[in-house]
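Reading the structure
Here are the chains, one letter per residue:
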Amino acid sequence: MNKHLTTTLAAGAAVLGLAAPALGQTNLPLPSDAKFAVPAGKIEQTVKIDQVSGPKAIASHTKTLQWLMADRSHTIVIDVPTGRVKAETVATPTEIRTYNADEKVIRVERRRRAGGLPVNSFTFEAAVQKAYLEQGYTRVIGEQQVDGRRALVTENVAGGRWRSDPADTRTVAVVDAETHTLLERTTTHPRGEFTHTQQFPVNRVIDAAPENVRATMTMKPRKNVRVVVRGAKNGRR
């Protein structure tokens, strides 16, 4: 994945030391596992709201809209205070097209070999949350009701298998008690330097009817935007 795509996809999820277990030392689920793929004929729709605050943070408040099929994805990152689109990405196994509003550029990456999509399904995230609990990375500290369903409140186990920077950063999550679907997550710096809150108000699957595919999988046309193409056959321009 190129740095421009990485930056765009991270636009709504401030990378400020969000705690996570150290990869490569776990038995956690892998996003490439076929069982987490969106079934053929379906579209997974999710919404994520990120807010970052604190004296050492780059403050932001964004909403990320995502639609995911077995072979295509579409992601839009919106700045909540202004309603302005910050970034947009449409991806297939052979092409990733990314719009960056700040740079007023669309970057097109064409692959010589088909690859995976740059986003994960919410069922994969749910499997990760379940594995965290089962393997002792997190523990249950309470329960609550969310939309009439029982939900678990979890926190990372300090000093255990969980690894974060700094080491005593605290992450509290709310997951559905039955499916482990992630509903909320808050990461707090121990000295109050930053707080990163995330809400996941929409996690659903809809039919991939032609009208739904057209409505959810098409990037909006934009004028006066520079286009840069990289990759197979096209070289670079």
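Source: prediction; values computed, not measured.

1. Observations concerning the side chain of His-196
Within the secondary structure, His-196 sits in strand S11 (residues 195-207). On the basis of relative accessible area, His-196 is assigned to the buried category, the value being 3%. Here the side chain of His-196 touches Asp-50 through a polar contact of 2.7 Å, side chain to side chain.

2. What to know about the confidence of the model for the protein chain
With 86% of its residues at a pLDDT of 70 or more, the protein chain has an overall mean of 88. Low confidence marks residues 1-24, where pLDDT is under 50. Its contacts with residues over four positions away, or in another chain, come to 60 contacts.

3. Considerations on the sheet that holds strand S1 (residues 42-53)
On the basis of which strands lie adjacent, the open sheet formed by 12 strands has the order S7-S8-S9-S10-S11-S1-S2-S3-S4-S5-S6-S12 and mixed pairing. On the outer flanks of this sheet lie strand S7 (138-146) and strand S12 (226-231), each paired with one strand and no other. Neighbour to neighbour, the strand axes of the sheet diverge by 15° on average, direction disregarded. Where strand S10 (residues 182-188) meets S11, 5 bridges bridge the pair, whose relative direction is antiparallel. Each residue of the ladder has a partner; that of Thr-187, found in S11, is His-196.

Rules behind the numbers
Residues numbered from 1 in each chain as written. Predicted model: local features only at pLDDT ≥ 70, side-chain atom pairs only at ≥ 80, totals over all residues. Heavy atoms only, no water. Helix = DSSP H or I, 4+ residues; strand = E, 2+ residues; numbered from the N terminus. Buried < 20%, exposed > 50% of the residue type's maximum accessible area, 1.4 Å probe, protein only. Polar contact = N/O pair within 3.5 Å; in protein donor to acceptor, adjacent residues only side chain to side chain. pLDDT = per-residue confidence, 0-100. Contact = heavy atoms within 4.5 Å. Pairing = 2+ DSSP bridges. Axes fitted to C-alpha atoms, helices over the stretch in contact; angles between N-to-C directions.

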